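The primary structure of each chain is shown beneath.
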Amino acid sequence: QVQLVESGGGLVQAGGSLRLSCAASGRTFSNYAMGWFRQAPGKEREFVAAINRGGGSQYYADSVKGRFTISRDNTKNTVYLQMNSLYSGDTAVYYCRAGRWGLSIASSDNYWGQGTQVTVSS
């Protein structure tokens, strides 16, 4: 199966920036659509951003449009989330997601990372 390991989370001041990374192993990375989700305490996990297999198409939740950028480097089996203009509402555990047939299609070949904490101080 695919293993996903997130990194880059931490504590950042409001207005600051952070870049998350998700390194994949175990299968052919370029076969998977990739995405980021987040979950704040007491709330449901929500979609943040997605990117297609080749990296040419990106999708964002309205709450992060214009502030976050998702990208991928298939030579490094890594997907990134560049987060700018952070504020307290962005505080959450951020999870990497791999979808063999896209992120909205149920499959035994879909995987989650362990998550990385992002905390934005005001």
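Quick caveat: nothing in here was measured; it's all calculated off a predicted structure. (Residues numbered from 1 in each chain as written. Predicted model: local features only at pLDDT ≥ 70, side-chain atom pairs only at ≥ 80, totals over all residues. Heavy atoms only, no water.)

Backbone geometry places asparagine 77, a non-glycine residue, at a positive phi of 55°. Structurally, asparagine 77 is set in the loop between strand S7 (68–73) and strand S8 (78–83). Not every positive phi belongs to a glycine, and serine 85 is a case in point at roughly 50°. Structurally, serine 85 is set in the loop between S8 and strand S9 (92–99). Overall, the relative accessible area of 45% leaves serine 85 in the partly exposed class. (Helix = DSSP H or I, 4+ residues; strand = E, 2+ residues; numbered from the N terminus. Buried < 20%, exposed > 50% of the residue type's maximum accessible area, 1.4 Å probe, protein only.)

Checked against the element boundaries, serine 21 lands in strand S3 (residues 18–25). For serine 21, a relative accessible area of 16% translates into the label buried. Not counting the four nearest positions on each side in its chain, serine 21 is found in contact with Val5, Glu6, Ser7, Trp36, Thr78, Val79 and Tyr80. (Contact = heavy atoms within 4.5 Å.)

Moving on: empty space enclosed by the protein. Gaps left between atoms show up when a probe the size of a water molecule is rolled over them. This model, assessed by the stated rule, comprises one cavity of 30 Å³ or more. Each pocket or cavity is described by its volume, and for the largest cavity that value is around 40 Å³. Contributing to the lining of the largest cavity are Val2, Ala24, Ser25, Arg27, Phe29, Tyr32 and Asn77. Of the residues assigned to the lining of the largest cavity, the class counts are four nonpolar, two polar and one charged. (1 Å grid on protein atoms, 1.4 Å probe; cavity = no way out; pocket = protein on both sides within 12 Å on 5 of 7 lines; lining within 4 Å. Points joined across faces, edges and corners; volume = space filled by probe spheres on them. Nonpolar A, V, L, I, M, F, W, Y, C, P; charged D, E, K, R; others polar.)

Attention now goes to the sheet that holds S8. Across a sheet, paired strands are connected by hydrogen bonds in the backbone, their directions being either parallel or antiparallel. Spatially, the four strands line up as an open sheet ordered S1-S3-S8-S7, and their pairing is antiparallel. In this open sheet, the two strands that pair with only one neighbour each are strand S1 (3–7) and S7. Neighbouring strand axes in the sheet, compared pairwise and without regard to direction, differ in orientation by 15° on average. The pairing of S3 with S8 spans six bridges and is antiparallel. Bridging across to S8, cysteine 22 finds its partner in valine 79. (Pairing = 2+ DSSP bridges. Axes fitted to C-alpha atoms, helices over the stretch in contact; angles between N-to-C directions.)

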